[in-house]
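Coordinates in review
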Amino acid sequence: GRLLVNAVLPRGGFTSQIEGVNAMLLQSVAELRHQFPGRVAFVNCGAFFSDNRGQVRQDLMPDLVHPNAAGHRLLASCLETALLQLERSPRQERATIPVPRENVQAVALHH
């Protein structure tokens, strides 16, 4: 089996705390990769929920905490893309799986 760890999604007013938790998650993934080479990866789907100023996108999280239907589609698309990349890569070289923004948004907007 393989393990894909997703970053904690942004929350209004907790940016620095969430960044700290995500840094710890990424460090944990790096440590796990030594024990389970090619089987553990990290993806930051939360990056899609912040605008270019680092603010939570209210069109995806109206209450700044919970994704709405569009936000759930975006999250599902991001996770699906990352899982497929992890599955197709016998030895994932990098700890973090990059998910192209345009691929995720295009898929999410068409559902």
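Below or above, wherever it landed, is the structure these notes cover. (Residues numbered from 1 in each chain as written. Predicted model: local features only at pLDDT ≥ 70, side-chain atom pairs only at ≥ 80, totals over all residues. Heavy atoms only, no water.)

A count of helices and strands for the protein gives 3 helices and 2 strands. Counting every position in the protein, which comprises 111 residues, the buried fraction comes to 33%. Across the protein, the fraction of contacts at a sequence separation of at least 24, relative to all contacts at a separation of at least 6, is 65%. Here the protein has roughly 6800 Å² of accessible surface; of this, 57% comes from carbon and sulfur atoms. (Helix = DSSP H or I, 4+ residues; strand = E, 2+ residues; numbered from the N terminus. Buried < 20%, exposed > 50% of the residue type's maximum accessible area, 1.4 Å probe, protein only. Contact = heavy atoms within 4.5 Å. Areas by Shrake-Rupley, 256 points an atom, 1.4 Å probe, with all protein chains shown as cover.)

It is worth spelling out the environment of Phe36 at this point. Within the fold, Phe36 resides in the loop between α1 (15-35) and β2 (40-43). Taking relative accessible area as the criterion, Phe36 reaches 35% and is therefore assigned partly exposed. Sequence-wise, Phe36 and Arg2 are 34 residues apart; in three dimensions their C-alpha atoms are separated by 8.8 Å.

What follows deals with the nonpolar core. In this structure, Leu4, Val43, Phe49, Ile97 and Val99 are the most contacted members of the largest nonpolar core, which totals 17 residues. Mapped by element, the contributors of at least two residues to this core are β2 and α2 (69-88). With 5 residues, α2 is the single largest residue contributor to this core. Here Leu4 is in contact with Ala41, Phe42, Val43, Leu79, Ala82, Leu83, Leu86 and Ile97, once residues within four sequence places are set aside. Formed by 5 residues, the second largest nonpolar core is a distinct cluster that contains Val5, Ala7, Val40 and Phe42. (Core = buried A, V, L, I, M, F, W, Y, C linked by side-chain atoms within 4.5 Å.)

Residue pairs spaced three or four apart in an α-helix point in one direction, given the helix's 3.6 residues per turn. Along its 20 residues, α2 runs 28 Å from first to last C-alpha, staying within 8% of the 28 Å computed at 1.5 Å per residue. Every buried residue belonging to α2 is among Gly71, Leu74, Leu75, Ser77, Cys78, Thr81, Ala82 and Leu86, and all of these are buried. Each buried residue of α2 lies within a common arc of 165 degrees when the element is viewed along its axis, so the set occupies one face. The outward face of α2, more than 90 degrees from its buried face, is lined by the exposed residues Ala69, Glu87 and Arg88. Where α2 starts, the residue carrying a side-chain oxygen 3.2 Å from the main-chain nitrogen of Ala70 turns out to be Asn68. (Expected span 1.5 Å × (residues − 1). Arc of directions from axis to C-beta. Polar contact = N/O pair within 3.5 Å; in protein donor to acceptor, adjacent residues only side chain to side chain.)

Together, Val8, Val21 and Met24 make up an exposed nonpolar region whose accessible area comes to about 240 Å². Here Met24 shows up in helix α1. Residue Met24 is classed as exposed on the basis of its relative accessible area, which comes to 55%. (Patch = residues over 30% accessible without salt bridge, like charges linked within 9 Å, V, L, I, M, F, W, Y side chains within 5 Å. Salt bridge = Lys/Arg side-chain N within 4 Å of Asp/Glu carboxyl O.)

Moving on to the pairing of strand β1 (residues 3-6). In this structure, β1 lies alongside β2, joined through 4 bridges in parallel fashion. Residue pairing across strands places Asn6 opposite Val43, the latter belonging to β2. The handedness of the β1 to β2 crossover, carried by α1, is right-handed. (Pairing = 2+ DSSP bridges. Right-handed = clockwise from strand over helix to strand, strands pointing away.)

Let us look at the side chain of Ser50. With respect to the element layout, Ser50 can be found in the loop between β2 and α2. Residue Ser50 is classed as buried on the basis of its relative accessible area of 18%. Once residues lying within four places of it in the same chain are set aside, the contact partners of Ser50 are Pro10, Gln55, Val56 and Arg57.

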